There are 6 protein chains.
Amino acid sequence: MAINPLTETWKQNGVVYTGWLSIPCSWSAEVMAHAGFDALVIDMQHGLADRSGMLTMLQAIGAAGKPALVRAAWNEPSVLMQALDAGAYGVICPMISTREDCEAFVAACRYPPRGIRSYGPTRSLVSIGEDYVAQAETCALSFAQIETAAGLANIEAIAAVPGLDGLYVGPWDLSLDLGLREPGNLADPRLITACETILAVARRHQLVAGIYVGSAEDGLRMASWGFQLVNIATDTTLLHRSALSEVRAVKGSKDSSDLLGTGSKGY
Amino acid sequence: MAINPLTETWKQNGVVYTGWLSIPCSWSAEVMAHAGFDALVIDMQHGLADRSGMLTMLQAIGAAGKPALVRAAWNEPSVLMQALDAGAYGVICPMISTREDCEAFVAACRYPPRGIRSYGPTRSLVSIGEDYVAQAETCALSFAQIETAAGLANIEAIAAVPGLDGLYVGPWDLSLDLGLREPGNLADPRLITACETILAVARRHQLVAGIYVGSAEDGLRMASWGFQLVNIATDTTLLHRSALSEVRAVKGSKDSSDLLGTGSKGY
Amino acid sequence: MAINPLTETWKQNGVVYTGWLSIPCSWSAEVMAHAGFDALVIDMQHGLADRSGMLTMLQAIGAAGKPALVRAAWNEPSVLMQALDAGAYGVICPMISTREDCEAFVAACRYPPRGIRSYGPTRSLVSIGEDYVAQAETCALSFAQIETAAGLANIEAIAAVPGLDGLYVGPWDLSLDLGLREPGNLADPRLITACETILAVARRHQLVAGIYVGSAEDGLRMASWGFQLVNIATDTTLLHRSALSEVRAVKGSKDSSDLLGTGSKGY
Amino acid sequence: MAINPLTETWKQNGVVYTGWLSIPCSWSAEVMAHAGFDALVIDMQHGLADRSGMLTMLQAIGAAGKPALVRAAWNEPSVLMQALDAGAYGVICPMISTREDCEAFVAACRYPPRGIRSYGPTRSLVSIGEDYVAQAETCALSFAQIETAAGLANIEAIAAVPGLDGLYVGPWDLSLDLGLREPGNLADPRLITACETILAVARRHQLVAGIYVGSAEDGLRMASWGFQLVNIATDTTLLHRSALSEVRAVKGSKDSSDLLGTGSKGY
Amino acid sequence: MAINPLTETWKQNGVVYTGWLSIPCSWSAEVMAHAGFDALVIDMQHGLADRSGMLTMLQAIGAAGKPALVRAAWNEPSVLMQALDAGAYGVICPMISTREDCEAFVAACRYPPRGIRSYGPTRSLVSIGEDYVAQAETCALSFAQIETAAGLANIEAIAAVPGLDGLYVGPWDLSLDLGLREPGNLADPRLITACETILAVARRHQLVAGIYVGSAEDGLRMASWGFQLVNIATDTTLLHRSALSEVRAVKGSKDSSDLLGTGSKGY
Amino acid sequence: MAINPLTETWKQNGVVYTGWLSIPCSWSAEVMAHAGFDALVIDMQHGLADRSGMLTMLQAIGAAGKPALVRAAWNEPSVLMQALDAGAYGVICPMISTREDCEAFVAACRYPPRGIRSYGPTRSLVSIGEDYVAQAETCALSFAQIETAAGLANIEAIAAVPGLDGLYVGPWDLSLDLGLREPGNLADPRLITACETILAVARRHQLVAGIYVGSAEDGLRMASWGFQLVNIATDTTLLHRSALSEVRAVKGSKDSSDLLGTGSKGY
């Protein structure tokens, strides 16, 4: 029977810790999936995979026995539906700023009469379960990414869209759009306030609250704030940082700089 | 000279029987293209190929001497034009529900002054013919997929869009949106009525009427109803079903279930 | 430090001559990039690469030490941002016909507060420079392709959009939409007039003026007219023409025709 | 702990029924892996996958929870080791005709001191288990394909090679090399005799006896003869035959012939 | 019925002019295949395609209605058989220097009892014809590349190997191994003598004589010498040279040099 | 002019520190190449890339301005030559155990009269330099991997092979073949003795001495012993370890184990 392991965790008040995949490769995805994350997120927006890469990465994550979410490239029906048809247990949609954005997003994730998702769950029927269509509301979750000033201002209207499953904070984009000095600084009072607002609204609407951060330390803090879907690491950054660390241990820091510096945390 | 073999068949009142391709692979496409179908349909919506897969599949189908259509991922100019530039003899556009939908769709398939298709028929000029642009109205057909209650309600307005070449029924989505109990059940009176309506409108507007079904048996019935573009098999389903059949002949049915059951017919 | 070599050339009143890439292959891209063009343009609209091909082509061009632009498939935020995140120094957006088109295009290329580009410059941070985000206005250029009668009519309003970097003429589409007899004929008075208009507007708004032509001869003429970003060759056409030339030298012209004839110049 | 499900089945005197994969695609592999076969065999000899396809197919099979074997392209150390490093539970090596052939084959599959397999089980360590190296004799099985007259003549010497796990009959090649009139005809007395010989030798040396056939019917017969690793279906053939069957049901047999006729059974 | 168009040409004393493919891309292959060459040669040795590229290139050439040969990476049974199984009408094997080399090569191309080719003509059965196996001696040609001093010295023994179909001169490697001053110089008396020897031996043994040159001019000369399989152009070189020519017409020769200079002719 | 940056470093008695690439992806390769390593090694033996992946990885490393070596899959002429033709500055050949092994290896890397490398440096001519062939002895280095007891025993004869450029220690395979208790333990006296022997022989024959280790700490020690080509990190291991570290910081160690434990150092 089709069951969404993420939903099960949340039923028991658990936190789902994720790893973020921007390397377009099924092998690095499988390595990440074996590292102990609760779920993996394939980033189709700023990551470098395309549709065929998404498929093999979903299969590789499946081989490791883990569920995957997909962060969509944009709020477009075709890419949202393709992720769900390919076996993602849910999609995170970037740049949801208005109620209309959110309604369009959620509609693309739901079969009629609740939405406009077209029938054809090619892989999900196989990888998630025979009764996938009957369970699609549980197995095709929708998370609206709140990462603009407008999205924050419209948070109540967005959260009220029937069928939405969660709100997902994108701290870097949100910081940039709020005009904060240091993007993604989780100690910035305005970012903290924004997170509190989003958490409160999520709670009131019984939505899952999620957030992207780039380290275990930040992730634990976010869980303590009440986030239930927390990203704690990104493959490109992990690889870059750990390679840099070995090189610097040999050469000192003169020959290499942290190219992905701020950026690495910043999706 | 650029000639569309499908159009030739219809001129002689023939029926074009197609095979549906959802496996993203040029070899399986070539095998299907050698099985005797009149044309093949590459499904970019619920199938798993992306743009580069579409290219090699079109080439493989060409190697078998057969014409191909593409079912677009969505009603977006870029993907419609890319299919036509890559050598498809026509596109089937999902989810056409209004006159405006259909106008946008047809415009994307037609060069000025009849539409907005951008010039650059990279492969079609080679694979279809040197005079492709002059023959583009014949060699770049547009089929509006009618698969929503709204599409059915607006069928007259949709059919009246100048330049449209055909109406294509998507029985599963249409059933779901009509709220029928068993999706895709061609014996359901409401689905039968819908097909009759669409066939009548197509006839009146001199449009080709097409439909997706998943077996020869259903296909023959659809041809007898008057459909001229009839899908009779889908690669994923053929593979799954025939594999299952061998396994069950060895093991009985206890170890394997028809995962693609209803689904397999349901694009 | 992140520097855009194209901008440097224009500061010194130089002309940037480009090669156009429609073959979806990193090796042919690298060969083109070693031929001495100032920059290469990866064509995601009528070329045959998809997103993963774009990545490896950008890397191959980088290996040759050359900058690349991307001609986007369409005016869609996702594909514009993906090109810029992958290391393109700018994007050429097809079919800009109105001020609104252009505003949407430019917004997708600029970070807040000037636009809506989402943060996550995955490869650009590595390939262009650590300070990419600070330099993004210089390193993520936006060229509006003027190739419709409407675009020509609205040229002043388009050029006035804040943040736009250039106007780029698409002679074939423009000819077709203007109803000219011979598409892309640079001797046609109406096309000449259109080019003069665009050049004048570009000059007045301090925008770079660019144009696609298909030969050195035409390119030199365009530079003499005042265009500063001039395409002079396309990989598919170069390959086709030079192959044809060898074959004809052996066989005469009976066995082969110039399939890409007019088409080859016509993006 | 690393456990080979095939070995477990044989410990309980079970038969392992396999599906053969010649389509180079992770999706068709996953579909086959969900059809209920006990294991899948990726054919790197006459199938069309290359090394990167093998990887994604192994991952897709893993996602379906099934074990995979690889039929190597040839008796070459590099390809044998790569299959085992990528997560295959064993390899079938074609054209083993002499004791020396078999010794080289087995050596390539075994770590020192029993063989020359080079250390670096990249994926197997992840997909099979942390203790893979300690369990490698169980989790990296070696099957010598007996498919030449010489191989049959030298069967005792081949079977006696220490470390070999099984003998695998290739009926088509064996028929051809024996000069039988109808290749792969399991009713041919000389082929029956050959099978009996191989089964007897396998039993005496406590080796698994395997055979490739192309249908459930033949497979059941082979199991009744005593084969424990029995192929019963091949993806290309399943797809071709089932497509052909639908087409013929519509058109009669005039437009299509069974191209893969004899061939389809003949690897 | 399976027919080899090359053989048909030679029956009528025609010359087969080929184009050489080193760009690993199905689109450039299709463009080349439409330029009028009699056949195309996919170079798996110094070209950059791997096995999956070879497949899609063969399909693309098939879509253009042309036959293809494959120049194998090396005299290894697996790669020779894979090319023939994938639909090549013959293979050119590099570096045949001795009778033993040639016997091994020819054996790998022939089914028993004449050779050791393993049964499994996956694509050839579909793309060449149902009766492929019966016609395999005609449809799976073997050309021994003579490109070492040893090969030249042993030319009689090589030519005498039963089942060999042709001798193929590699002028660059042969020049290098003969210690000639300028590799590939067809005016060098020692190279001329070598060609005469090979032509004479080919004639005496009723073998096809082939040669790789890089231009129509050289190709016509080679045909006049008596070669019947003559390469006249290579994709990488065509692209590089023609791109260079446009760039130089704009910039003069200062910014670009003929990187592929001698090399481009030198496979 | 073609110059090998590695050779330049060694002329000045520098140490070349490398990163090892087993993830088959051009993006992860580019990230590694930007981390400050002196060179990168693409592992075609235990890594998961195939030939087309090798090409794009070489291009990506080139885009980062770094040189690359390739560790070949096996001592086979085709794969050695393909790596050198594709732009590798040298190859590391596994499992060199005898003088004959080494002679065959070196011959495959050298043009006549010193070897049998076939002419056709497709990419190297472009990426390394126009005069590549003249500089090929410097730009196509050969490193014999010493990783068997036999290789150690025959070290003098191996080192004496004319044209060889270096000896490269594979500590894990060498440990296993020597029967050491803990593979790859650089504190084991027998492994230390082996390294000392190899270093002494290398010095006497003026060969570069190289070694694979998996950390900066071990790498610095190896450099202090006198190794000049020292691997200090592997992409798969870096990714796995750093991911694991974040997960454990959140969850403790209960949910994840170091799957690549010993293995990760062990190529």
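Please read these numbers as outputs of a predicted model, since none were measured by experiment.

1. Some remarks on the overall build of chain A
So, point 1. For chain A, the helix and strand inventory stands at 13 helices and eight strands.
So, point 2. Taken over C-alpha atoms, the radius of gyration comes to 18 Å for chain A, in line with the 18 Å a tight globule of 267 residues would show.
So, point 3. For chain A, the C-alpha atoms occupy an extent of roughly 60 × 40 × 35 Å along the three principal directions.
So, point 4. For chain A, the residues scored as buried account for 68% of the 267 residues in total.
So, point 5. Long-range pairs, those at least 24 residues apart, make up 61% of the contacts in chain A between residues at least 6 apart in sequence.

2. Looking at the interface of chain F and chain A
The accessible area lost on association of the parts is a frequent measure of interface size.
So, point 1. Contacts between the two partners involve 38 residues from chain F and, on the opposite side, 38 residues from chain A.
So, point 2. Looking at the side of chain F that touches chain A, the elements with two or more residues in it are β1 (16-21), α2 (26-33), α12 (216-225), β8 (229-234) and α13 (235-251) of chain F.
So, point 3. Of the residues forming the side of chain F that touches chain A, the biggest block, 14 residues, is contributed by α13 of chain F.
So, point 4. Of the residues contributing to the side of chain F that touches chain A, the split by class is 22 nonpolar, ten polar and six charged.

3. Topic: the arrangement of the chains
So, point 1. One thing to see here is that chain C and chain D don't touch, and their nearest C-alpha atoms sit 15 Å from each other.
So, point 2. There is a clear gap between chain A and chain E: no contact, and 15 Å between their nearest C-alpha atoms.

4. Side note on the interface of chain C and chain E
So, point 1. Counting residues at the interface gives 38 residues for chain C, matched by 38 residues for chain E.
So, point 2. Elements with a contribution of two residues or more to the side of chain C that touches chain E: β1 (16-21), α2 (26-33), α12 (216-225), β8 (229-234) and α13 (235-251) of chain C.
So, point 3. Ranked by residues supplied to the side of chain C that touches chain E, first place goes to α13 of chain C with 14 residues.
So, point 4. Of the residues in the side of chain C that touches chain E, the class split is 22 nonpolar, ten polar and six charged.

5. Remarks on the relation of the copies chain F and chain A
So, point 1. Take chain F, turn it by 180°, move it 0.0 Å along the axis, and it overlays chain A with an RMSD of 0.0 Å. The superposition operator between the copies reduces to a two-fold rotation axis. Across chain F, the rotation axis passes nearest the C-alpha of L239 of chain F, at a separation of 2.5 Å.

6. Some remarks on the relation of the copies chain C and chain E
So, point 1. Of the transformation superimposing chain C on chain E, the axial component is 0.0 Å and the angular component is 180°, with the fit at an RMSD of 0.0 Å.
So, point 2. A shared binding surface is used by both copies, with 100% of the interface residues of chain C retained as interface residues in chain E.

7. Points about the sheet that holds strand β6 (residues 166-169) of chain C
Strand pairing in a sheet relies on backbone hydrogen bonds, with the paired strands running either antiparallel or parallel.
All names here are of chain C.
So, point 1. With parallel pairing, eight strands are arranged side by side around a closed barrel as β1-β2-β3-β4-β5-β6-β7-β8. Strand-to-strand twist of the sheet, defined as the mean angle between neighbouring strand axes without regard to direction, takes the value 25°.
So, point 2. Direction of pairing for strand β4 (residues 90-93) relative to strand β5 (residues 141-146): parallel, over a ladder of four bridges. Within β5, the residue paired with V91 across the bridge is S142.

8. Thoughts on the sheet that holds strand β5 (residues 141-146) of chain F
Residues and elements named next belong to chain F.
So, point 1. Pairing in this closed barrel of eight strands is parallel, and the strands run β1-β2-β3-β4-β5-β6-β7-β8 around the ring. Ignoring strand direction, the axes of neighbouring strands in this sheet form an average angle of 25°.
So, point 2. Both strand β2 (residues 39-43) and strand β3 (residues 68-71) contribute to a ladder of four bridges, which runs parallel. Pairing of D43 across the sheet is with R71, part of β3.
So, point 3. Strands β4 (90-93) and β5 of the sheet are contacted by helix α5 (residues 99-109), whose axis makes an angle of about 160° with β5.

9. Observations concerning helix α13 (residues 235-251) of chain D
All names here are of chain D.
So, point 1. Between its first and last C-alpha, α13 extends 24 Å over 17 residues, near the 24 Å set by a 1.5 Å rise per residue.
So, point 2. Burial analysis of α13 places 13 of its 17 residues in the buried class, the great majority of the element.
So, point 3. Once α13 finishes, G252 follows within two positions and takes phi at roughly 80°, a positive value.

10. What to know about the pairing of strand β4 (residues 90-93) of chain E
Residues and elements named next belong to chain E.
So, point 1. Every second residue of β4 is oriented toward a common face, with G90 and I92 on one face and V91 and C93 on the other, all of them buried.
So, point 2. In the sheet, strand β3 (residues 68-71) pairs with β4 via two bridges, with the strands oriented parallel. Within β4, the residue paired with V70 across the bridge is V91.
So, point 3. Tracing the backbone out of β3, into helix α4 (residues 77-85) and back to the parallel element β4 gives a crossover that is right-handed.

11. Brief notes about the packing of helix α2 (residues 26-33) of chain A against helix α3 (residues 51-63) of chain A
Residue and element names in this part refer to chain A.
So, point 1. At a closest axis distance of 8 Å, the pairing of α2 and α3 adopts a crossing angle of 30°. By the angle between their axes, α2 is roughly parallel relative to α3. The crossing of α2 and α3 is right-handed. On α3, the residues that touch S26, A29, E30 and A33 of α2 are T56, M57, Q59, A60, I61 and A63.
So, point 2. In terms of residue class, the contact of α2 with α3 is built from six nonpolar, three polar and one charged.

12. As for the environment of G87 of chain D
All names here are of chain D.
So, point 1. Mapping G87 onto the fold places it in the loop between α4 (77-85) and β4 (90-93).
So, point 2. The exposure class of G87 is buried, given the 27 C-beta atoms found within 10 Å.
So, point 3. Separated by 40 residues in the primary sequence, G87 and S127 have C-alpha atoms spaced 6.4 Å apart.
So, point 4. Those residues in contact with G87, other than ones at most four positions away along the chain, are L58, G62, R123, S124, S127 and I128.

13. Details of the pairing of strand β3 (residues 68-71) of chain A
So, point 1. Burial of the side chains of β3 of chain A extends over both faces: A68 and V70 of chain A are buried on one face and L69 and R71 of chain A on the other.
So, point 2. Read from strand β2 (residues 39-43) of chain A through α3 of chain A to β3 of chain A, the crossover connection turns out right-handed.

14. Considerations on the environment of V91 of chain F
So, point 1. Checked against the element boundaries, V91 of chain F lands in strand β4.
So, point 2. Linking V91 of chain F and P162 of chain F, residues 71 residues apart in sequence, is a C-alpha distance of 16 Å.

15. Notes on unusual backbone geometry
So, point 1. Here P112 of chain C and P113 of chain C are connected by a cis peptide whose omega angle stands at 10°.
So, point 2. Relative to the elements of secondary structure, P113 of chain C occurs in the loop between α5 (99-109) and α6 (124-127).
So, point 3. The phi torsion at N13 of chain A lies on the positive side, around 60°, for a residue other than glycine.
So, point 4. Among the structural elements, N13 of chain A can be located in the loop between α1 (5-11) and β1 (16-21).

16. Considerations on helix α3 (residues 51-63) of chain D
Residues lying three or four places apart along an α-helix face the same way, a consequence of the helix completing one turn every 3.6 residues.
Residues and elements named next belong to chain D.
So, point 1. End to end, α3 covers 19 Å across 13 residues, agreeing with the expected 18 Å (1.5 Å per residue, within 8%).
So, point 2. The element α3 is largely enclosed, with a buried count of 13 among its 13 residues.
So, point 3. Where α3 terminates, the next one or two residues include G65, which has phi positive at roughly 75°.

17. Examining the confidence of the model for chain A
Residues and elements named next belong to chain A.
So, point 1. Across chain A, the average pLDDT comes to 94, with 94% of residues at or above 70.
So, point 2. Ignoring residues within four places in sequence, the model shows residues 261-267, a span with pLDDT below 50, making 24 contacts including any to other chains.
So, point 3. Across the interface, the model reports ipTM at 0.94; the global pTM reads 0.96.

Conventions we followed
Residues numbered from 1 in each chain as written. Chains lettered and ligands numbered in written order. Predicted model: local features only at pLDDT ≥ 70, side-chain atom pairs only at ≥ 80, totals over all residues. Helix = DSSP H or I, 4+ residues; strand = E, 2+ residues; numbered from the N terminus. Rg over C-alpha atoms; globule rule 2.2 N^0.38 Å. Buried ≥ 20, exposed ≤ 12 C-beta atoms within 10 Å, placed from the backbone. Contact = placed C-beta atoms within 7 Å. Nonpolar A, V, L, I, M, F, W, Y, C, P; charged D, E, K, R; others polar. Least-squares fit on C-alpha atoms with pLDDT ≥ 70 in both. Pairing = 2+ DSSP bridges. Axes fitted to C-alpha atoms, helices over the stretch in contact; angles between N-to-C directions. Expected span 1.5 Å × (residues − 1). Right-handed = clockwise from strand over helix to strand, strands pointing away. Parallel < 35°, antiparallel > 145°, perpendicular 65-115°, else oblique. Left-handed = near helix turned anticlockwise from the far one by under 90°. pLDDT = per-residue confidence, 0-100.

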